[in-house]
Every structure is written in C-alpha cells, then in structure tokens.
Amino acid sequence: MEEQQQFEPKIIGFTCNWCSYRAADLAGISRTKYPPNVRLIRLMCSGRLDPTFVFKAFSSGADGVLISGCHPGDCHYVDQNYKTMRRFALMEKMLVQMGFEQGRIKLVWASAGEGLQFAEAVTGMVETVRKLGPLDWHIRGQSNGHLTKELLLKEDVV
Amino acid sequence: MIEPRIGVYVCHCGTNIAGVVDVAEVSKWASEHLKGRGVVISRDYKFMCSSLGQELIEKDIKEYRLNRVVVAACSPHLHEATFRTATKSAGLNPYLTEMVSIREQDSWVHTDKIAATNKAKAMISGGVERVRYHEPLEPLHVPIHPATLVVGGGIAGIQAVLELADAGQKVYLVEREPSIGGHMAQFDKTFPTLDCSACILTPKMVSVGKHPNVELFTWSEVTNVEGYVGNFTVNIHKKARFVKEDICTGCSICQEKCPKKVIDDVFEAGLGYRKAVYTPFAQAIPNYPVIDKENCTYFQKGTCRACEKLCPTKAIDFTQEDQDISIQVGNIILATGYDLFDSRRIPQYGYARLANVFTSLEFERLSNSAGPTGGKVVLRDGVTEPKTVGIVHCVGSRDKNYNNYCSAICCMQSLKFAHLVEERTGAEVYNFYIDIRTPAKDYDEFYQRVLEEGTIFIRGKVAEVTDAARMAGEEGKIIIQVEDTLMGKQRRIPVDMVILSAGLEPRRDAKAVAKLFGISCSSAGWVIEKHPKLDPIATMTDGIFIAGCMQGPKDIPASVAQGAAAAARVLGRIQQKEIALEPIRATVNETQCSGCRICNNMCPYNAILFHEDRAVSEVNPALCQGCGTCIAACPAGAISGTGFSNEQVMAQIEGLLLLNLEAEPA
Amino acid sequence: MKYGYYPGCSLERNAAAYNVSTMAIAEPLGIEFNEIDDWNCCGATEYTSIDLLAAYALIARNLALAEQLPDNGKLVAPCSACFLNLTKVAHQLEEEETLADKVNLALAEGKLHYTPGSIQVYHLLEVIFNDVGLDNLAKKVVKPLKGLRIAPYYGCMIVRPGYQRTFDNPEHPTSLDSIMNALGAFVVDFPMKANCCGGHMTQISQPVALEMLRRLLKNAADYRADIIVTLCPMCQLNLDAYQENVNAYFKTDYHIPTLYFTQLIGIAMGIPAEQLGIGKELVDARPALAKIGIEVPSEESVPEKKKHPKESLPMPTMSKED
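The written sequence of each chain sets the order in which its residues are numbered from 1. Chain A is the first chain written and ligand 1 is the first ligand written, with later ones labelled in order. At least 70 in pLDDT is required for a residue's local features to be given in this predicted model, at least 80 for side-chain atom pairs to be given and counted, and no such filter applies to totals for whole chains, interfaces and linings, which use all residues. Calculated side-chain values reflect all of the structure's heavy atoms, with hydrogen atoms and water omitted.

Draft legend 1. Representation of the packing of helix α11 (residues 360-367) of chain B against helix α12 (residues 410-425) of chain B. Residues and elements named next belong to chain B. The contact between α11 and α12 brings their axes to 12 Å, and the two run at 35°. Considering how the two elements wind past one another, α11 and α12 form a crossing that is left-handed. When α11 is examined against α12, the residues S360, F363, E364 and S367 are found in contact with a partner set consisting of Q413, K416, F417, L420, V421 and R424. Each residue receives one of three labels: charged for Asp, Glu, Lys and Arg, nonpolar for Ala, Val, Leu, Ile, Met, Phe, Trp, Tyr, Cys and Pro, and polar for the others, Gly being one of them. Within the contact of α11 with α12, the residues separate by chemical class into 4 nonpolar, 3 polar and 3 charged. Note on geometry: axes are C-alpha line fits, over the in-contact stretch for helices, and angles between N-to-C directions span 0 to 180 degrees. Secondary structure is summarised from DSSP: a helix means a run of H or I of at least four residues, a strand means a run of E of at least two, and numbering begins at the N terminus for each. A crossing counts as left-handed when the near helix is turned anticlockwise from the far one by less than a right angle, and as right-handed when that turn is clockwise. In what follows, residue pairs with any heavy atoms lying within 4.5 Å of each other are defined as contacts.

Pasting the structure below:
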C-alpha cells in the first residue's frame, strides 16, 4: 500500500536576539516540543528585518516566513519593533497582491519568558502552511498567467 | 573574498544532542556535501565547550590553516563567547566564528530523530554559508567615566554607595523621598537578631551623608537617561524643598510650630501624623525639612508663613524653584525597592473596614519606639492593649488571584511580630500560615524560639476576618475563620487585633522606571536580571545594574549583598578604565548615500548625524547599538551592518534551504 | 430602556410583592419591561442535578422565546436563581458548540431555536445600578429614607459565579449599598451580606437552615438594622417566613422585617406603600417604616457620631486613590 507522504513545509523564522530568540531558547530548555519545520535566523532586532530577506526566503524555496520580535513597548532598542510592524503590514499586502496566501507570512511577538507561546505559534504556523500546500515559487514565479490564476483560485486558509 | 577554509564542529553535548540528532552522520555529511563550500574538516565531539573541545578547534585552526569556524552546539547565548575565545587563542579573529544551535532549537524540541538530524544538517549548512561572509572585527573601546549613579536610597542603594565611595570613586545618590533610609528606616526590629533597625541603619546613613565622595540628591528623581555604558548623561529633577539647604541648621522649630497636621501615609504608613513642613523621621539624612505644597496653608491659601517667621536662620524660601541637573556617569545602579501589597484588594480580610486590622508596615510603626504610639502595641483607639492577636501569613502572596510568588520575608516578619507582641503585651498570639519559610542563617532557630514562647501556629489559609459574631464569646471581637488543616476542622478564633503580613510588590511605577533606563520587567513586575542564577545584579543593558528588592523580594542581608555585588562589578569596570563594545555596528557608505535622511529618525539612540555640506548621513559608532533598523530602512541599501550584513543573512537563507548544494563549488 | 422580562415562578406567588414593586418603579425610572410570552420554569436549583441536558433545554426555551423579542437581546430576571440559571445556560451554549446543537435539537421539537450569544442576561439589580445609575435614581427620590437603618443582603447567587460577566465584587459587593445610600438611607455594615441564606435547606435539614438564618439575623440585629433589604425571593422567604421558627428553635427574639430593594426604591420615590406590596410580608415592616413615615427621626435611629479620643490612630479608607 503506497502511503502518500505528508507535505512538510519549510519555514524560515527571523527572531530578534533579545526576546524571541531567547523565547525559542526557553522553549528548548523547557523541552517544549514543536514541529521541526522551522529554521531560525537570528537578527539583533526585528527592526533589522529587510523585506528583501523575506522575498529571498520565498524565492529560495521556503513555504512560509515567520517573523518574531519583542512585544511593542519592550524592544531592547526602544521602539524598533514598531518599524517592523509597519513594514510587515506593507509586506503582507504586497505579497497578497503577488498571489501569496495570507497565512504564509506571520508576525508574532514573543518575550524572553514566553517559550511555550513561541512553540505554540510555530506549531500553529506549520499547520497553516501545511494546509496551504507547497509554495513552489519556481513554478509560480513564471509568467505563466494560466498557472498563477489556477493557484489564486485555491481556497484561502488563514 | 578569500578562499574560505571552514572547520565544522558538531557537539554531542553528552546525550542532550546526540540522543536525538545523529551527530556522527551530520559531521560526515558536512565534510562530504559542504566540501565544495569550503569545509575543510568536520568533527563531532562529546563536549565542545570543555577545554579539550576548545583545544580541538585551536589545533585544527593551526594545522589546517582554518580561517572560519562553525560550532554546532547549544545556544550562542551560552557559549558564543567561549568559542570566540578559543578561536582567538589560536590566533584567528574571534568574529570569524559562528555558532549554530542544534540543542535548544533542534534536539531538545523535536522527537522525530530523522527530521531532527535533517534539520541539524540544514542549520549547519546555513551557518557555513553565513560564515563565509564573516569579516574580522575589532571591538570598539570606549572609556569608562569613573562616576556612578545610584538610584534609590534604601539599604541596598546605601550599601552600593558606601562600597563605591570608600573605594575612592565619586557617587551620585538620587532618592525620591526627602530622606534616604527606605523601608528599613520604618521597621522596629530586624529578624533574627532583633537588632533595632534604625540603630544599625543610621550609622550607614550618616556615612553616606558625610562622605566626601558622595553627592546626595534627595526629594529628586531621574527624568532622562541618554548614552551608553561608560558614558551616560542623566538628568536629575530636584524638586524644590522651599528650604535653603546651605543655611538650614536642622533645628526643627518650623516643624514644631507648623499649624497644619497631615496624615503621614508614606513613612508612618498612614498611622501617624506629620506637619506640612517636615522631615520624615528624626534621624533623616539630610536633615533639612521639606514643605509639602499640597498641604501647606501658604501655598493653598496664601496665609500663615509661620515657619518663615520663626526660622532662626531665615532658611525658608517659598520662591525656591525645581531644578534640573545634568550629570555624567559611567555606570548606573538601580535599587528602588518595593511597595507593599494593598490589602484592600482582599476585602474579606477586613482591612480599612474593621478598625483593628493592621498591615505589616502599620504594625512596624506601631511597635517602633519612635512611632505614633511610642512603641506601645495598642488597638486603633490608641489606648487599649490587645489580649489576643492573630497574625495572617501570605496576604496577597502565593495566591493565583493576586500574586503568585512568595514574598520571601513575611514568614520571618510574622514570627518577629509574634515575638514582639508577646514580649510587649503578654497577649496570646496566633499565627496562621501555609508553610513556615525560614531558609537563612539562624532563621529556623528563631522560629523554634517563637514556638517555645508559646505562640499558637495554625496551618491554614485564612478564609475570612470578620466582626459578625455568631455565638457567645465572639461579640466585640474580630473573628478569624480558618480551616485548621492539621486538625481537619473549621475554626473561628476571636482576637482583638489582626496583623496582615502583606506581600511585597514591585513599585507602582516600576515599568516606567525600567523603560527610562532601557531595561525590562518580568510579567510579575520585578526587573529582569541578566541571568537569574549566575548574574542576578546585571541587566541586559550594559552599564545598568540592579540591587535589592527591585530584582525580587528578599531580606536585608540579601539586599546588602546585592548592593555590594553591584558596586564591585562597577568598581571592576572603572578600574579597567575602558570597556570593549561589541562591534555590531552600522556604517553608511557615503558614495551610495543620497541624503534622503530616512535613516536619521529611525535611530532610537540618535546615533545618525547628517552632514549638511556633503548631504550624506553618518553613523556614530560609539552611540550605535547595532539594532540594524536603519540598514533595513535604507532604500538605496547604502548602510551595511557588521556582524549581520545583508550578504550574511541572504547566504544563511540559501544555506538553510540547502540551495548551496546545487551551487557551483566555491 | 427596553428589556425582555422573565419574572420566574416565585414572582407569581410568594414573591408577588417583588413583581408588583418592580412594575411600579419601572415606568418612573424609564424602563420598559417586555414579559416573555409563555415562559416556563427555570428549574431553580434542583433540575440541573437530575438531568443536565433536559435542564439546559428547559432553560434555553426561555432564551429562545426571549430572542424573539425586539429588545436588543437583553433579558432581565429579578430572581437570583432564575438569573443564575439563565446566564449560565446562555454562557455555556456560547462556549460549547456540541451542547448548543443538542439543545437546539430539543428546542426544534417545539419549533424554537436559540442562537448562542444572542441573549445577555441581567439581574434587576444590575440594571438599576448600571443602566439607570445612581444619579438618575437620586433625582427621583422625593422621600429620602433618612434615619432608616438598612442591612443590604445580596444572598449568594447574584455575585458568584460570574458567567457572562462579573458585575460586582464576589466577596464584598457594594452595588446594593450604593443604591440604598442614594435613597438616603443609612446603610448598616453587614459583613454577612453575601453569605448563603440556606436556600432549600429548609426542606432538607431544618436545623442547618435555621442556624444559617440565625447567623444572618443575629448579625443584622447586632448592627441594629431596622430592615433587611434583599433581591432574591428565596432569601426573602427564608428570612421572613422562617424567622418565627428561628426564634422558637433558638429562643431568640428577632423581629427584623425583610423587604425587596424595589419596594424601598418605590417608597423613596413617593409611591404609596400598598402599590408596592408592603404588608404582604410575615414579619411586619410597617413599624420600621412608620419610624420614618412621621417627622424628624428619633435620636437612636441616627448613627452616633464617633468621637475619636485624642490618642486614637487614623483609620485607612476603602476608597482607592488610583
């Protein structure tokens, strides 16, 4: 009996050194289990997140991008995460216009003590992206209008 | 780019990593598949952080002429410094090392061994790609200003000040109240020795007041902090006392003659009175009084001025204005203490409804010989001595409805109260406890002593403190309703007086103060320390240290120890004269900068200057903290960041998604 | 202000005075009550212990009928037990989809349907306190109840647990106290204000019930209350009808009348006592009311001004400065 292999999404996560990376560490120290689909990149601050990183991640084969930083008001560098918020809002709009489903990019705040919440956010995102299916940007990115339209008509799961 | 020669080291961490991730396979995979990307040698070892593990790296660097190192092990927050040091001792720039966390982010959080191993491979691949773009960096050296600011004049702050001042360094002490001393000045006796609190505190206070190296700002608050470790510029807002400090002799005639009496709800915990012009207590340092504008008849109605008329040296000055003073310091120690839990939040305990229910601080003032009753333990009518007293532990502590944590000092404090009540009044004392927490030196012996003195201990969380009498013998008394869990029965104990051992809480404005200094508070409100076990007096912000109850509830010896520890850390810094800052910085490439100035307003440290003449922006490397927001914001990509450059992150993304395996060999 | 109205079984008979006084004060306070047509018993406290699903369906039928009223989904119940049952079921149906489906299956048999989340249930006290407000209430007072010493008795069911919302402090509620204050009465400190009256224990174990009532009466008597004011028909019945039994059993001599808060609001608003059901209670309230129905209240009804001796220490107050 041939078993259809479950789609394992690849998600790139950007964390800030002070809060969310430590939250991921705390999840590790607490041995909280979450799916292995997320690969984290450490930045000093979520404000460092250049939108091109996100596009690079998608065009390199990621199916989803998770961005995480300190809670608004708690940024180690005072208020840089507000800039992240603004950039994210614009980025999400652009991606949707380009044909991405909304669930593929997510912004989550996690303080250094929120290991459990971080793990839950990752688990939730993995399931969301799994339902959305592979991004296959190298196929979508082609200027084949017919194929893009077909993909756009797929039901959106947020 | 020079030809990369990368060494990959995969740590077993005992079975922490090796139990889930097949480390040998990962190491082999790296040497085979990443060979084309510059990996020259790949090893796995049981404990990379051990001296043998580090030596492995050092040997390989020399033998294989490595110019880059990737260590796949625990979190960089733990051992990045360790491996950087190992690299450095082999003669390679420490910033050419990259750590990949396959423990906290892989083996500890995943159960699927195959998936975890594959993830480890991907992460190492990402690390390898990234490290190819690492550059040798030199830490920035900045001088440390030798002066220190201590905020908070309680026992922790006082200890820190004395350590620094006695070591010959200049210290500024800022205190919000008119006098230093903090909560310790309010207590009567201290446990377990039953030393008189004021007697042991005032000599220290006097030393602070007289010390030539100490500049004392009381009735003042810090309103602005700028700069970075070694170079802080702080603004102190000194409120007007309306008393000329240089000619006031501290004779107290003004206080005696002032006609306006006010309830003192700070020092006397609402149990006593002070005048509108007052010093909080007799041994106040400094001994100059302060005029409380809101209650002074002159400020409110324009009449009286008795103090001005009667002052023998004409030191009263109603025209005095608030001042703003700017100081330069190299390090800051915060020791702002705690606030007491508001017992009105538990209405079933009767505080503020039933006259003879007192909080712990109120009782301290009651039993203090310099307090409103001269040290007589009496009921609220000021005359009657209680015949039975109930002391309730854990009010507002260890309670999911209020504060979940234990306030550390209340058990000892309740035992102290039990002893004092018995000694002063001979009353029958009941202590209602959940557990008896007496962890430190001589504490349990004190508990045993109180037991022998005849105090009755009832194990149970008090359900209700009420005056609703139910049967004969309860009329006119306060009844404590509690389940005696050791007996398994409900009990109603009629007492004359109830003392609530209220818990310790962070200061009401702790969050605002933390924000001012750029540090953070936990969800409970206590300030977050750098490491709860190994570094309780430092914070995530370099140059800002904490001591005392600000970091969490603790007793006096622990506060003193922390104050001294913070001072020692600062002295070490001052002694080194300069500090090396992490070279994670942003730089603007002038040729690419178009002068749009979008970056200027992004910087929270005002580190970006704009040169009008050349119409380009420039980052001041000393002020820049390396957050990178300007780098992401620059539309021309003219700003680059060391340590987290665009090339490094892009390469890491490709590595994580294993695109590098499809690339041409480097 | 329009509300759906669910009187409940007791307001039809035993607590008729409650119903009558509520209706009397509604119009002057600007409240319009729309009684649910063909409402059924709420099951009181017993039914949920017998058959949970059937009990829920029974209660939900009232919610479904209320949904058909054009009153913005607001339903008012004066009886604490009815209130608690209705709000509990409304809340649980919103939380548990499967329960809501099962209940709606049952309701469908009667051609009814309840949309979870569509009805918010309020106790009458909450409506008077929050929606009418103390200021509006004070404006309507023509005969301040000055000199009348009132013990406000909430009973246990109104303040806890808070299903759809928590409307007052469960340990130390103050809304009824504030209302009585607004009417000009002197509110006596009554620490047992939220303690249980015994409920149906009068049917199960009389000695236990009588002891619980004795404690309440003793507390009220110790504080020299003229009247106990309540908002639950069960509490009123117990304190009123069983007071004689308490006196007989414990050899005490309590004569404290128990009235509904709506009756007192009515008196303060100048409505004649007969229109408010005064006189229906077993322990006669007329002597207590006569005290203030006449001229200047006598000396002992006025709270004595506490003279603080010079040595006495200042007392903290309950009002918070935050």
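Draft legend 2. Molecular detail of unusual backbone geometry. Residue and element names in this part refer to chain B. Geometrically, the link from F191 to P192 is a cis peptide bond, its omega value of -10° lying close to zero. Assignment of secondary structure puts P192 in the loop between β8 (189-190) and β9 (195-196). A cis geometry characterises the amide bond from I285 onward to P286, with omega recorded as -5°. Assignment of secondary structure puts P286 in the loop between β15 (277-278) and β16 (290-291).

Draft legend 3. How the structure looks around the packing of aromatic side chains. Note on aromatic contacts: the rings of Phe and Tyr and the six-membered ring of Trp form a pair at centre separations within 6.5 Å, being stacked when their planes are under 30 degrees apart, edge-to-face when over 60 apart, and tilted otherwise. Following the criterion strictly, the structure yields 25 aromatic pairs over all chains and no others. Their ring planes at 5° and their centres at 4.3 Å tell us that C:Y18 and C:Y260 sit as a pair that is stacked. Of the two residues, C:Y18 is situated in helix α2 (residues 16-26) and C:Y260 in strand β8 (residues 258-260); the sequence distance between them amounts to 242 residues. For C:Y260, a relative accessible area of 2% puts it in the buried group. Among the aromatic residues, those joined into a ring-pair cluster are B:F242, B:Y298, B:F299 and B:F318. Here, over-ring charges are defined by two tests on the NZ atom of lysine or the CZ atom of arginine: distance to the ring centre within 6 Å, and angle to the ring normal within 35 degrees. The ring of B:F644 has B:R130 lying over it, and the distance from NZ or CZ to the ring centre is 5.0 Å. Buried, partly exposed and exposed residues are distinguished by accessible area as a fraction of the type maximum, computed with a 1.4 Å probe on protein chains only: under 20%, between the cut-offs, and over 50%, respectively.

Draft legend 4. Inspection of the arrangement of the chains at higher detail. Most contacts, when the 2 pairs of chains in contact are compared, are made between chains A and B. At their nearest point, the C-alpha atoms of chain A and chain C are still 21 Å apart, with no contact between the two.

Draft legend 5. Quick look at the interface of chain C and chain B. Of the residues lining the interface, 24 residues belong to chain C; the matching set on chain B comes to 32 residues. When chain C packs against chain B, the two sides together hide about 2300 Å² of surface, and 56% of this comes from carbon and sulfur. When a carboxyl oxygen of Asp or Glu lies within 4 Å of a side-chain nitrogen of Lys or Arg, that pair is called a salt bridge. At the junction of chain C and chain B, the tally comes to 1 salt bridge. We note a salt bridge from C:K218 to B:E475, for which the minimum N-O separation is 2.5 Å. Along the lines of polarity and charge, the residues of the side of chain C that touches chain B split into 9 nonpolar, 6 polar and 9 charged. The quantity reported as buried area is the accessible area (1.4 Å probe) lost by two parts once they are put together, taken as the sum for both.

Draft legend 6. Highlighting the side chain of A:S20. Looking at the element boundaries, A:S20 is found in helix α1 (residues 20-29). Discounting residues that sit within four places of it in the chain, A:S20 has contacts with A:T15, A:S68, A:G69, A:A110 and A:F118.

Draft legend 7. Representation of the nonpolar core. Residue and element names in this part refer to chain B. What is meant by a nonpolar core is a set of buried Ala, Val, Leu, Ile, Met, Phe, Trp, Tyr and Cys residues, joined one to another through side-chain atoms within 4.5 Å. Core analysis: the biggest nonpolar cluster contains 98 residues, and I333, F432, V465, M497 and V498 have the highest contact counts within it. The leading source of residues in this core is helix α6 (residues 155-166), at 8 residues. Residue ranges labeled as domains rest on an automatic or database domain assignment. Both of domain 2 (148-338) and domain 3 (339-505) provide at least three residues apiece to this core. Excluding anything up to four places from it in sequence, M497 contacts N356, F358, F363, L366, V377, V378, L379, P386, T388, V389 and G390.

Draft legend 8. Expanded view of the sheet that holds strand β1 (residues 6-11) of chain B. Residues and elements named next belong to chain B. Here 4 strands make up an open sheet; going across it, the order is β2-β1-β3-β4 and the pairing parallel. Either end of the sheet is taken by a strand with one partner, and the two such strands are β2 (39-45) and β4 (97-101). Between one strand axis and the next, the sheet turns by 15° as a mean value, whatever way the strands run. By the bridge criterion, 6 bridges tie β1 to β2 in an arrangement that is parallel. Along β2, the bridge assignment pairs Y9 with R43. Relative to the sheet, helix α3 (residues 76-89) contacts β3 (68-73) and β4, its axis offset from that of β4 by approximately 150°. Strand pairing is defined by DSSP finding a minimum of two bridges between the two strands.

Draft legend 9. Region of the structure containing the domain arrangement of chain B. Split by domain assignment, chain B resolves into domain 1 (6-137 + 648-656), domain 2 (148-338), domain 3 (339-505) and domain 4 (586-642). The distance between the C-alpha centroids of domain 1 of chain B and domain 2 of chain B comes to 55 Å.

Draft legend 10. Expanded view of the pattern of salt bridges. All names here are of chain A. Following the criterion strictly, the structure yields 47 salt bridges over all chains and no others. In this structure, the salt-bridge partner of E127 is R130, at a minimum N-O distance of 3.3 Å. Residue E127 and its partner R130 are both found in helix α4 (residues 115-132); the two are separated by 3 residues, about one turn of the helix. E127 gets classed as partly exposed once you look at its relative accessible area, which sits at 34%. With a relative accessible area of 15%, R130 lands in the buried category.

Draft legend 11. Geometry of the domain arrangement of chain C. All names here are of chain C. When the domains of chain C are assigned, the result is domain 1 (2-124) and domain 2 (134-312). On a C-alpha basis, the centres of domain 1 and domain 2 stand 27 Å from each other. Each side of the interface is counted separately: domain 1 has 32 residues, and domain 2 has 26 residues. Of the roughly 2400 Å² buried at the junction of domain 1 and domain 2 (both faces included), carbon and sulfur atoms supply 69%. Looking only at domain 1, the three residues that lose the most surface to domain 2 are Y18, I25 and L84, adding up to 21% of its buried area. In this structure, the connection of domain 1 to domain 2 is made through 0 salt bridges. Here a polar contact is taken to be a pair of N or O atoms separated by no more than 3.5 Å, where protein atoms must pair a possible hydrogen donor with a possible acceptor and residues adjacent in sequence count only if both atoms sit in side chains. Here domain 1 and domain 2 share 9 residue pairs in polar contact (both at pLDDT 80 or more) between them. At the level of secondary structure, the elements contributing two or more residues to the side of domain 1 that touches domain 2 comprise α1 (9-12), α2, α5 (80-95) and β4 (120-123). For the side of domain 1 that touches domain 2, the class distribution of residues is 19 nonpolar, 11 polar and 2 charged.

Draft legend 12. A look at helix α2 (residues 51-63) of chain B. Residue and element names in this part refer to chain B. Every helix has an expected span of 1.5 Å times one less than the residues it contains. The end-to-end C-alpha separation of α2 is 18 Å, in line with the 18 Å expected for 13 residues at 1.5 Å each. Considered for burial, the residues of α2 that qualify are G53, Q54, L56, I57, E58, D60 and I61. Packed against the buried residues of α2 are β1, β2, β3 and α3. One or two positions beyond α2, positive phi appears at R65, with a value near 50°.

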